[in-house]
Amino acid sequence: RLGDLFRCITGISTGDDKKYISSVEREGFSTPFYKNPGSRRFFCEPDGFLTDNFLAVGDKVKNFMVRNKAFLKKEGITCSSMGVSFGACYLPTGSVYGVNANIFGMNGCEWWLLAYLNSSLVTYLVRGIFHRTNMITSGYVSRIPVLKLDPTDKAKLEIIAKEAVSGKIQKHQ
C-alpha cells in the first residue's frame, strides 16, 4: 500500500477561504496554496495564495486548522479530494496544501509515483474497487496498492511524468 511506503496526509483547513486565500499573489498573501488539483493532472498552478501569517492564524482562530506542520512547504504530490476524478499533481517546494490527500517522503520516487497515480489502473482502483467517484481522502490514497516495478519500468514512468509536467509548465508560460 502507498501508505506503507510514503506519508499520506492532509494539511490546512482555513474555515473561511475567502478571508485567508487570495486568488492572486499580493502583499500578505504569497504562499502558494493547493486545494483540489485532481482534474489538472501532473502539474497545476496553485489554487490561490494563503495568508503569510497562516501559522499564527492557526494558533489563534479555532476553525483554522494547520495539520502536519513538519511537511509544510516540502516537495511532494498533491491529489484531488472532492468533486473531480482522482488525479495527482506535483507539489513544489515552498507550497502548502488543503485537506486533500498529499504524499511526502518519496526520496527520489516522486516522478514514477506521479505517473503511476495518474494511470488508468489507479483510476480504476479508486473508482471500481474503492467505489470512490468524487471524494478520496488521504486514508483512501494510503490504501492504493503499489505495484512492484523493476528499475526499467520506473525509469519509463519517470520520463512520462517529467514530460507531462514540462509540457504543462510550457503551456502556462
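Notes on the structure in this doc start here. (Residues numbered from 1 in each chain as written. Predicted model: local features only at pLDDT ≥ 70, side-chain atom pairs only at ≥ 80, totals over all residues. Heavy atoms only, no water.)

## Quick look at the sheet that holds strand 5 (residues 48-50)
The strands making up a sheet associate through backbone hydrogen bonding, with each pair oriented either parallel or antiparallel.
So, step 1. With respect to topology, four strands assemble into an open sheet ordered 3-5-4-9, the strand pairing being mixed. The open sheet has two edge strands, strand 3 (21-22) and strand 9 (96-97), and neither has a second partner.
So, step 2. For strand 3 and strand 5, the ladder comprises two bridges, and the chain directions are antiparallel. Each bridged residue has a counterpart across the sheet, and for serine 22 the counterpart in strand 5 is phenylalanine 49. (Pairing = 2+ DSSP bridges. Helix = DSSP H or I, 4+ residues; strand = E, 2+ residues; numbered from the N terminus.)

## A closer look at the sheet that holds strand 8 (residues 88-91)
So, step 1. With respect to topology, four strands assemble into an open sheet ordered 1-10-7-8, the strand pairing being antiparallel. Lying at the two open borders of the sheet, with one neighbouring strand each, are strand 1 (7-9) and strand 8. Adjacent strand axes in the sheet meet at a mean angle of 25° when their direction is disregarded.
So, step 2. Where strand 7 (residues 76-79) meets strand 8, four bridges bridge the pair, whose relative direction is antiparallel. (Axes fitted to C-alpha atoms, helices over the stretch in contact; angles between N-to-C directions.)

## Focus: helix 5 (residues 120-129)
So, step 1. Looking at helix 5, one finds that the buried residues are Val122, Leu125 and Val126. For helix 5, the buried positions fall inside an angular range of 90° around the axis, keeping them on one side. Pointing more than 90 degrees away from the buried face of helix 5 are the exposed residues Ser120 and Tyr124.
So, step 2. Elements in contact with the buried residues of helix 5: helix 4 (110-117). (Buried < 20%, exposed > 50% of the residue type's maximum accessible area, 1.4 Å probe, protein only. Arc of directions from axis to C-beta. Contact = heavy atoms within 4.5 Å.)

## Overview of the side chain of serine 22
So, step 1. Along the polypeptide, serine 22 turns up in strand 3.
So, step 2. Separated by 2.6 Å, the side chain of serine 22 and the backbone oxygen of valine 24 make a polar contact.
So, step 3. A polar contact of 3.1 Å, which involves the side chain of serine 22, links it to the side chain of arginine 26.
So, step 4. Here serine 22 is in contact with Phe29, Gly48 and Phe49, once residues within four sequence places are set aside. (Polar contact = N/O pair within 3.5 Å; in protein donor to acceptor, adjacent residues only side chain to side chain.)

## Overview of unusual backbone geometry
So, step 1. Positioned with a positive phi, phenylalanine 42 is a non-glycine residue whose angle comes to about 75°.
So, step 2. Relative to the elements of secondary structure, phenylalanine 42 occurs in the loop between strand 4 (31-34) and strand 5.
So, step 3. On the basis of relative accessible area, phenylalanine 42 is assigned to the buried category, the value being 14%.
So, step 4. Its identity is not glycine, yet asparagine 68 carries a phi of approximately 50°, on the positive side.
So, step 5. By secondary structure assignment, the location of asparagine 68 is in the loop between strand 6 (65-66) and strand 7.

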